[in-house]
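# Coordinate inspection notes
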Amino acid sequence: MLGDDAELTAAVLAAQDGDETAFRTVYRAVHPRLLGYVRTLVGDPDAEDVASEAWLQIARDLERFSGDADRFRGWAARIARNRALDHIRMRGRRPAIGGDETELTGKASESDTAGEAMEALATDSTLSLIARLPQDQAEAVVLRVVVGLDAKTAAETLGKRPGAVRTAAHRGLKKLAELLGADLEADGVLDALPPQREPHTRAVTSASVTHTRPRTQKDM
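Note that the structure is predicted; figures quoted are calculated from it, not measured.

This brings us to the overall build of the protein. From N to C terminus, the protein includes 9 helices and 0 strands. Ordered by position in the sequence, the α and β elements of the protein form the string α-α-α-α-α-α-α-α-α. By residue count, 50% of the 220 residues in the protein fall in the buried class. Considering only contacts in the protein between residues 6 or more positions apart, those separated by 24 or more positions represent 74%. Total accessible area on the protein is roughly 11200 Å²; 48% of this is exposed by carbon and sulfur atoms.

So, in structure tokens, the structure goes:
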């Protein structure tokens, strides 16, 4: 576990001990991708509100979390998903999000590498297309490609088997390849999905911990 993952793990552990600065570090590291996931579920108008509700629960339940950066991303995604599904049940249905499939259909491919194609999946316009996939495919693609979860963690988030998540992500990416006018599979995008990672047991501690008042969205 190197780089950003190690830093996120350390920040989570420090935040659990009450370090407000560490919690803001966790928020800034995880929120953008988590918001992208929520957006595919509830649409742009409500995504910020739903994500805020998720972060309030994350802050409240953080002391009970156990694990490293990978597990934290999955745990946060599961909370966000539950809040989004509650929102959808109250509203009645999953929304159609922004634009339509014609906005990218037939556009000449501008990417010749897997890296560029993967980067395209994080753009707002492509997130709109992801949201138009069947929900199982949309969630699998976003959790695996955008949030960066491995198949096992994504499966735990969705309550499915890892094989089912891999299949849904594969089918979703193939559909996006058609819409984007690029053969993502041939470029190696499907092989570029986040690999399975071995669990880490390394303990990370915070040198200085500040116990303060309960966190609010304003603090983030």
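Once that is clear, we can look at the pattern of salt bridges. For side chains of opposite charge, pairing can occur when their charged atoms come near one another. For the structure on display, the rule yields 9 salt bridges. In this structure, Arg81 and Glu139 form a salt bridge, with 2.6 Å as the shortest nitrogen-oxygen distance. A residue pair is termed long-range when its members are at least 10 positions apart, and Arg81 in helix α4 (residues 69-91) and Glu139 in helix α7 (residues 135-146) qualify at 58 residues. For Arg81, a relative accessible area of 15% corresponds to the buried category. In this structure, the salt-bridge partner of Asp86 is Arg89, at a minimum N-O distance of 2.4 Å. You can see Asp86 and its partner Arg89 sitting in helix α4, 3 residues apart, about one turn around the helix. Under the relative-accessibility criterion, Asp86 is labelled partly exposed at 26%.

Turning next to helix α9 (residues 162-180). Taking 1.5 Å per residue, 19 residues should reach 27 Å; α9 reaches 26 Å between its end C-alpha atoms and fits that length. Listing the buried residues of α9 in full gives Val165, Ala168, Ala169, Gly172, Leu173, Leu176, Ala177, Leu179 and Leu180.

Another point: the environment of Gly18. Mapped onto the elements of the fold, Gly18 is located in the loop between α1 (3-16) and α2 (20-42). For Gly18, a relative accessible area of 14% corresponds to the buried category.

Turning to α7, a few remarks are in order. Each turn of an α-helix holds 3.6 residues, which means side chains three or four residues apart point in the same direction. In this model, α7 (12 residues) spans 15 Å end to end at C-alpha, consistent with the 16 Å of a helix rising 1.5 Å per residue. Here α7 has its buried residues at Gln137, Ala138, Glu139, Ala140, Val141, Val142, Leu143, Arg144, Val145 and Val146. Directly after α7, the chain includes Gly148, whose backbone phi takes a positive value near 90°.

Between helix α8 (residues 151-158) and α9, the shortest axis-to-axis distance is 8 Å and the interhelical angle comes to 100°. In terms of axis orientation, α8 runs roughly perpendicular to α9. When α8 is examined against α9, the residues Ala151, Lys152, Ala154, Ala155 and Leu158 are found in contact with a partner set consisting of Pro162, Val165 and Arg166. Its residues placed into classes, the contact of α8 with α9 shows 6 nonpolar, no polar and 2 charged.

Our focus in this paragraph is the packing of aromatic side chains. By the definition in use, this model includes 5 aromatic pairs. Taken together, a centroid distance of 6.1 Å and an interplanar angle of 90° make the contact between Phe23 and Trp55 edge-to-face. Remark: Trp55 occurs in helix α3 (residues 44-61) and Phe23 occurs in helix α2; sequence separation between them is 32 residues. The class of Phe23 is buried, set by a relative accessible area of 1%. For the ring pair Phe65 and Trp75, a centre distance of 5.1 Å and an interplane angle of 40° mean the geometry is tilted. Placement of the pair is Phe65 in the loop between α3 and α4 and Trp75 in helix α4, with a sequence separation of 10 residues. Residues Phe65 and Trp75 agree in their burial class; the two are buried.

Moving on to the confidence of the model for the protein. Close inspection of predicted coordinates is inappropriate for parts of the model with low pLDDT. Averaged over every residue, the pLDDT of the protein is 74; residues scoring 70 or more account for 65%. A low-confidence stretch, residues 182-190 (pLDDT under 50), is modelled with 21 contacts involving residues beyond four sequence positions or located in other chains. Predicted confidence for residues 198-214 stays below pLDDT 50, and this span has 23 contacts to residues more than four positions away or in other chains.

What counts and what doesn't
Residues numbered from 1 in each chain as written. Predicted model: local features only at pLDDT ≥ 70, side-chain atom pairs only at ≥ 80, totals over all residues. Heavy atoms only, no water. Helix = DSSP H or I, 4+ residues; strand = E, 2+ residues; numbered from the N terminus. Buried < 20%, exposed > 50% of the residue type's maximum accessible area, 1.4 Å probe, protein only. Contact = heavy atoms within 4.5 Å. Areas by Shrake-Rupley, 256 points an atom, 1.4 Å probe, with all protein chains shown as cover. Salt bridge = Lys/Arg side-chain N within 4 Å of Asp/Glu carboxyl O. Expected span 1.5 Å × (residues − 1). Axes fitted to C-alpha atoms, helices over the stretch in contact; angles between N-to-C directions. Parallel < 35°, antiparallel > 145°, perpendicular 65-115°, else oblique. Nonpolar A, V, L, I, M, F, W, Y, C, P; charged D, E, K, R; others polar. Phe/Tyr/Trp six-rings, centres within 6.5 Å; stacked < 30°, edge-to-face > 60°. pLDDT = per-residue confidence, 0-100.

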